[in-house]
Each structure stands twice: as C-alpha cells, then as structure tokens.
2 protein chains.
Amino acid sequence: MFSIGELSRRTGVKVPTIRYYEQMGLIAADGRTTGNQRRFSQDGLERLSFIRHARDLGLPLESIRVLIEMDPQNHIESHRIAAAHLADIRDRIARLQRLETELVRISESCDGGEDCSVLTAFGDHEQCSGGH
Amino acid sequence: MFSIGELSRRTGVKVPTIRYYEQMGLIAADGRTTGNQRRFSQDGLERLSFIRHARDLGLPLESIRVLIEMDPQNHIESHRIAAAHLADIRDRIARLQRLETELVRISESCDGGEDCSVLTAFGDHEQCSGGH
DNA sequence: CTTGAACCTCTAGTTACTAGAGCAATTATG
DNA sequence: CATAATTGCTCTAGTAACTAGAGGTTCAAG
C-alpha cells in the first residue's frame, strides 16, 4: 500500500494533481487509514502511470477517461482515438509552421527606421502571405 | 462612431470578447450613449485589429499589452518579443513532432491480437524511443 | 512523547474566452 | 407613433488541467 506521496514519487505526478485526478474520477484510492489518509494499491500505481504517459502524449483527460473505461479488446475505439489525436497533432504542427514563417518575415521586416516595423507588422494583416 | 456589434463585424472579434478585452484594459470605448451603450472611434477599431492580428499570431494578451503600451521607436523591446515568441513556437513544433513520431509508432504497433496493443502502448513508457 | 514531515479539505487563481440569465436601449416596420 | 425585433447592458459561472495557499490533522522516527 502506498501513501499519496509515495505514489507521487514513483510516477512523477505531483500530489495535488493526483487528488485532482481522483476528484475527476480517473483514479481511486483503495481506501483510507483511520486518520483519513489515502492508501493506494499496485493497481492504483499502474493506473496513474497510464494516465501520466497518456498525458505526456498530449491526450486530454476526457480521452484518457474513455481509454480507461474501455474494453481492452475493443480495437476500433482505441485506434480511433489514436488516429484522431495524431490528426490533431499534425494539424497543430501545420498551423504552427505557418506562424513560424510569418514570424520570421516579421522579425526580418525591420530596416531600423524611425518607428519599428516589427511592431507595425504585428498589427497589420495586409502584409501577411499565408492564411492564418 | 461604432457600436460594439459594428466593431465586432468589422474586426471579426466577438462581442463578449471585446468586452473582455475592455475589462482587461487592452481597449477602451470612446464613451457611452445616454442609454449606456459603448461607442468606439476609428482609433478603437485600429487598436482592436492590432489585438486580433497579434492574437492570430499566437501572442498572449500580456505580450500584446506590452506591445500596445510600447514606444513605437523602441526597437529593442519589440524585436525581443518577436524573437521570444518565435523561439517558443519553434520549441512547440519540435515537441509536437516528437509526439507525432511516437503516435505513429503506437498506431502501427497493433497486430490485431486479442488485446489491442494501441491501448497498452498508450500506458507503457518503456516502449518509447525519444524523450518526452 | 514530542517533533517535523507529510497529509487532509477547501477555496481561489491561472488563460482567454464562452454561455446564459435577466433586463434596458435602439432600430426597423406597420 | 406604437410595437416588435434586434442589439446592447451587467453579472455570474463554466471551460482544461492543474497550481498555490490557508488552516488544521496524522503519521513515523527518535
């Protein structure tokens, strides 16, 4: 049986975050001591590691909740979540790359004149090339 | 003079968002009608367009506030903000690309066996290659 | 048995908005 | 000019995923 601090040390998830996950119904303590402190089993440790890793992969808690409650033999649903997340990541990369291009242009636009053209470029959409 | 709705139509910023910006001190109405409705001048329109575009570029409101309050001749500060934001964007792109690689691996890991290995891969950090 | 670390609950703050309630003002139409 | 439709007002609360702090209790070591 692990205390919440022990669990935190083993998974790298901060103590208040574990309590937050419990509140969100993603994890449950196995029980409490007479003094009302949480005690977690090995199962809890594994569950939390799962959440931790999935969060590191950028999955929102809602998707994680679905994964947790899912039948492990349900291929379709887990593949769907993975594919949706991948598409989302790719979309975000594409958008950020467009911003990067734009920011490079803005950063290079200043010729050192009186008023800084970096500043005006931040506000002027006319100068933009790609659609953002 | 524009009503808040007119301003919204011309800039593409939603009405409640304009009020929110006002509350945050980023924009101010020129005054109010006798019936307490906001009226904005051309200046307000331009200010809001600036904010809109800077937000589209992904700048946080705090940076925008700094830009707005800045002397337009202050090259150093505007260049610094642009450079910091560019570095931030590049960092995010790099991290997302690492996630992309990982998710592709996870998506391809399933061989159709009893329990779906996409599901287990979400929880198992051991299988990961790059550091995330 | 005492002390200090770890634990408890609860509230509020973060970012950038969005949604809704309940009411007042403005504008368009008959 | 009266009425109806639209737009506006303020205020509160909700979103995601936590983090920080207050104020108090329990646990483990010596």
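Basis of the calculations
- Residue numbers restart at each chain and count upward from 1, following the sequence in its written direction.
- Here chains are named by letter from A upward and ligands by number from 1 upward, in the order in which they appear as written.
- Per-residue local features of the predicted model are confined to residues with pLDDT of at least 70, and side-chain atom pairs are confined, for both listing and counting, to 80 or more; whole-chain, interface and lining totals are unaffected and use all residues.
- Working from all heavy atoms in the structure, the side-chain values ignore hydrogens and water.
- Grouping buried Ala, Val, Leu, Ile, Met, Phe, Trp, Tyr and Cys residues that are joined through side-chain atoms within 4.5 Å yields what is termed a nonpolar core.
- Only protein chains enter the calculation, and the probe is 1.4 Å; a residue is then buried if its accessible area is under 20% of its type maximum, exposed if over 50%, and partly exposed in between.
- The contact definition used throughout considers only heavy atoms, calling two residues in contact when any of these lie within 4.5 Å.
- In this comparison the copies share one frame, found by least squares on the C-alpha atoms of residues holding pLDDT of at least 70 in both.
- Note on conventions: DSSP H or I runs of at least 4 residues are helices, E runs of at least 2 residues are strands, and numbering of each starts at the N terminus.
- By this rule the span expected of a helix is its residue count minus one, scaled by 1.5 Å.
- Side-chain atoms alone can form a polar contact between residues adjacent in sequence; in general such a contact is a pair of N or O atoms within 3.5 Å, and within protein one must be able to donate a hydrogen while the other accepts it.
- Domain start and stop points were drawn from an automatic or database domain assignment.
- When two components associate, each loses some accessible surface as probed by a 1.4 Å sphere; the sum of these losses over both components is called the buried area.
- A carboxyl oxygen of Asp or Glu within 4 Å of a side-chain nitrogen of Lys or Arg is what we treat as a salt bridge.
- Note on geometry: axes are C-alpha line fits, over the in-contact stretch for helices, and angles between N-to-C directions span 0 to 180 degrees.
- Oblique is the label for every angle not falling under 35 degrees (roughly parallel), over 145 degrees (roughly antiparallel), or within 65 to 115 degrees (roughly perpendicular).
- Crossing handedness follows the turn of the near helix against the far one: under a right angle anticlockwise gives a left-handed crossing, and clockwise gives a right-handed one.

1. Notes on the nonpolar core
Counting 70 residues, the largest nonpolar core has Tyr21, Leu67 and Phe122 of chain A together with Tyr21, Leu67 and Phe122 of chain B as its most contacted members. For Tyr21 of chain A, the residues in contact, after removing those within four places along its chain, are Val13, Leu26, Ile27, Leu48, Ile51, Arg55 and Leu61 of chain A.

2. Thoughts on the relation of the copies chain B and chain A
Each copy of the sequence occupies a distinct position, and chain B is placed on chain A by a rotation of 180° and an axial shift of 0.0 Å, giving an RMSD of 0.1 Å. In short, the pair behaves as if placed about a two-fold rotation axis. Of every C-alpha in chain B, the one belonging to Ile93 of chain B sits nearest the axis of rotation, 2.9 Å from it. In this assembly, 100% of the residues forming the interface of chain B have copies in chain A that are likewise at the interface, indicating an isologous arrangement.

3. What to know about helix α3 (residues 42-56) of chain B
Its 15 residues give α3 of chain B an end-to-end C-alpha distance of 21 Å, which sits within 8% of 21 Å, the value for a rise of 1.5 Å per residue. Turning to α3 of chain B, the residues buried within the fold contact α6 (117-123) of chain A together with α1 (4-11), α2 (15-23) and α4 (61-68) of chain B. Immediately beyond the C-terminal end of α3 of chain B, within one or two residues, lies Gly58 of chain B, with a positive phi of roughly 90°.

4. Looking at the side chain of His85 of chain B
The topology assignment puts His85 of chain B in helix α5 (residues 75-108). Taking relative accessible area as the criterion, His85 of chain B reaches 5% and is therefore assigned buried. A distance of 2.8 Å separates a polar side-chain atom of His85 of chain B from the backbone oxygen of Leu57 of chain B. Once residues within four sequence positions are removed from consideration, His85 of chain B is found in contact with Leu103 of chain A together with Leu57, Gly58 and Leu59 of chain B.

5. Some remarks on the domain arrangement of chain A
Residues and elements named next belong to chain A. The domains assigned to chain A are domain 1 (4-68) and domain 2 (75-127). Summarising the inter-unit geometry, the C-alpha centres of domain 1 and domain 2 are found 35 Å apart. Contacts between the two partners involve six residues from domain 1, matched on the other side by four residues from domain 2. Of the roughly 380 Å² buried where domain 1 meets domain 2, counting both sides, 76% is carbon and sulfur surface. Among the residues domain 1 hides against domain 2, the three largest losses belong to Leu59, Val66 and Leu67. Together they make up 64% of the total. Counting every contact that joins domain 1 to domain 2 gives zero salt bridges. At the junction of domain 1 and domain 2, the tally comes to one residue pair in polar contact (both at pLDDT 80 or more).

6. Observations regarding the packing of helix α1 (residues 4-11) of chain A against helix α3 (residues 42-56) of chain A
All names here are of chain A. Contact geometry for α1 and α3: axes closest at 10 Å, N-to-C directions at 45°. One finds that α1 runs oblique with respect to α3. Our pair here, α1 against α3, has a crossing hand that is right-handed. Listed contacts from α3 to Leu7, Arg10 and Thr11 of α1 are Leu45, Leu48, Ser49 and Arg52.

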